[in-house]
Amino acid sequence: MALTREQLAQRVAQEMQDGYYVNLGIGIPTLVANYVPDGMEVMLQSENGLLGMGPFPTEAELDADMINAGKQTVTAATGASIFSSAESFAMIRGGHVDLTVLGAFEVDVQGNIASYMIPGKLIKGMGGAMDLVAGADNIIVTMTHASKHGDSKLLTKCTLPLTGAGCIKKIVTDLAFIEIKDEKFHLIERAPGVSVKEILEKTAGEMVVPKDVPEMQF
Amino acid sequence: MSGFNKVVDSYAQALAGLENGMTVLAGGFGLCGIPENLIQEIKNKGTKELTFVSNNCGVDGFGLGVLLEDRQIKKMVSSYVGENKLFEEQLLAGDLEVELTPQGTLAEKMRAGGAGIPAFYTATGYGTPVGEGKEVKEFNGRKYIMEESITGDFAIVKAWKADTYGNLIYRHTAQNFNPMAATAGKITVVEVEEIVEPGELDPAHIHTPGIYVDRVILGTFEKRIEQRTVRTA
């Protein structure tokens, strides 16, 4: 069975380590915050200028001056800091964020990512995504393996305009955990009950498959 | 006005000298920390052909979105736009120009502009549409593009507290782009929730020193929320 959004987030959360500063993008990446392993301390960075994002506020705590990068009202966690956008992107660009999780439309074997623009549709902008992919060393892309029409999102070469070039090394899809090395996809794990055959059928770019591909553990 | 006293009494005075065709830098992220009354005053003034450098363009009926109603904006330099129908219409009709700029690059362009640095190199946008036509330089085996800094004829800024000398403190995440905008305007105008006497703000807690600030005005704010998300207690 393909992973649900929640399971996908859960698998990504297993990549976190104690003491990590983590930036989570909008959509599935946001859900990762719900699965921080027990006993682990992780601090969430929100690129509008907050390090240490807490939960949504109660009605009583609601404050228009306290939002996250998705423009949602939030609270500050204990030990948080607040700063300007220039400072925030100095952290990101300077490689100080330990893990970045974001969504994508396409990823290719060279580690290129396309996530912000579909020509012919209204272009809203890249927000902070280009800075995040250029600045982070440890990035996980989360997305469905194929589009609703069955088209693979793991390609030999991205067809859409890029958000970043050669910057992606790890992908978690609803079917598999994949790493990118030497201009090839490498199948690391498969979703429980999903066959290697199905994964290969839905992967357009070249994929290296080891003899034994373990199932993800939850 | 005398000495270091930057306080003005009216929004008309606050924006005196703003003319058609000027470039205006605006603080704010989404609707958070936007200079909402200064924007409204630009609407009232009817200044046109303006270029705005701002992370977003407000929403229909609030923030910079109100300046679309009478087509006062010629160009937006932003990282994320299109939360408003009017914006989409004017963009598709070719009445509005947009220069999409990555958020961190946008912040740094203003920071550098205010700091007297004409350009800088960043990996952000290399190999993407943003990097097209820009100088590429390699440092330690990695490729970077040259981005030019930005300054404005005016900067419009929202802060929480100011003293009469124009020293500023921002509140929570309403800080965002405001400190960079404040440094990069030829004339920097700040609207605040409270004005105090010099000496009342702790000098070590000032976010923006008064040297960057030309005019300060006291305002009242709606502070509209874009995405109201709450949990049950």
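Cut-off values and rules
- Sequence positions are assigned chain by chain, starting from 1 and proceeding in written order.
- Each chain is given a letter, starting from A, and each ligand a number, starting from 1, according to the order in which they appear as written.
- Two thresholds apply to this predicted model, a pLDDT of at least 70 for residue-level local features and 80 or more for giving and counting side-chain atom pairs, whereas whole-chain, interface and lining totals are computed over all residues.
- Here the side-chain values reflect all heavy atoms present in the structure, with hydrogen atoms and water set aside.
- We define a salt bridge as a contact between a side-chain nitrogen of Lys or Arg and a carboxyl oxygen of Asp or Glu at a distance within 4 Å.
- By definition, any uninterrupted DSSP run of H or I lasting at least four residues is a helix, any uninterrupted run of E lasting at least two residues is a strand, and each is numbered from the N terminus.
- A 1.4 Å probe rolled over the protein chains alone gives each residue an accessible area, and that area as a share of the maximum for its type sets the label: buried under 20%, exposed over 50%, partly exposed in between.
- Any two residues having at least one pair of non-hydrogen atoms within 4.5 Å are treated as being in contact.
- Throughout, buried area stands for the accessible area (probe radius 1.4 Å) lost by two parts on being put together, summed over both.
- A 3.5 Å cut-off defines polar contacts: any pair of N or O atoms within that distance qualifies, except that in protein one atom must be a possible hydrogen donor and the other a possible acceptor, and neighbouring residues in sequence count only when both atoms are side-chain atoms.
- Residues are grouped as follows: Ala, Val, Leu, Ile, Met, Phe, Trp, Tyr, Cys and Pro are nonpolar; Asp, Glu, Lys and Arg are charged; every other residue, Gly included, is polar.

On to the pattern of salt bridges, then. Scanning all chains against the criterion turns up 25 salt bridges over all chains. Lysine 134 of chain B is the salt-bridge partner of glutamate 147 of chain B, the closest N and O atoms lying 3.2 Å from each other. Placement of the pair is glutamate 147 of chain B in strand S7 (residues 142-148) and lysine 134 of chain B in the loop between strand S5 (119-122) and strand S6 (136-139), with a sequence separation of 13 residues. Since its relative accessible area comes to 1%, glutamate 147 of chain B is described here as buried. Here glutamate 193 of chain B and lysine 223 of chain B are joined by a salt bridge, their closest N and O atoms 3.0 Å apart. Taken together, the residues glutamate 193 of chain B in strand S10 (residues 185-196) and lysine 223 of chain B in the segment after strand S11 (215-218) connect sequence positions 30 residues apart. Taking relative accessible area as the criterion, lysine 223 of chain B reaches 22% and is therefore assigned partly exposed. One continuous salt-bridge network, built from bridges that share partners, spans Asp63 and Asp65 of chain A together with Lys158, Arg171, Glu193 and Lys223 of chain B.

This part covers the interface of chain A and chain B. Facing 45 residues of chain A, the contacting portion of chain B comprises 49 residues. Carbon and sulfur atoms supply 60% of the area that chain A and chain B bury against each other, a total of about 4,000 Å² over both sides. For chain A, the biggest contributors to the area lost against chain B are Asp65, Lys71 and Lys124 of chain A; these three give 20% of the whole. Summed over the shared surface of chain A and chain B, the number is five salt bridges. Residue arginine 171 of chain B pairs with aspartate 65 of chain A through a salt bridge whose shortest N-O separation is 2.7 Å. There are 26 residue pairs in polar contact (both at pLDDT 80 or more) connecting chain A and chain B. Counting residues per element, the ones that place at least two in the side of chain A that touches chain B are helix H3 (85-93) and helix H4 (129-135) of chain A. Looking at which element gives the most residues to the side of chain A that touches chain B, the answer is H3 of chain A, with four residues. Grouping the constituent residues of the side of chain A that touches chain B by class yields 22 nonpolar, 14 polar and nine charged.

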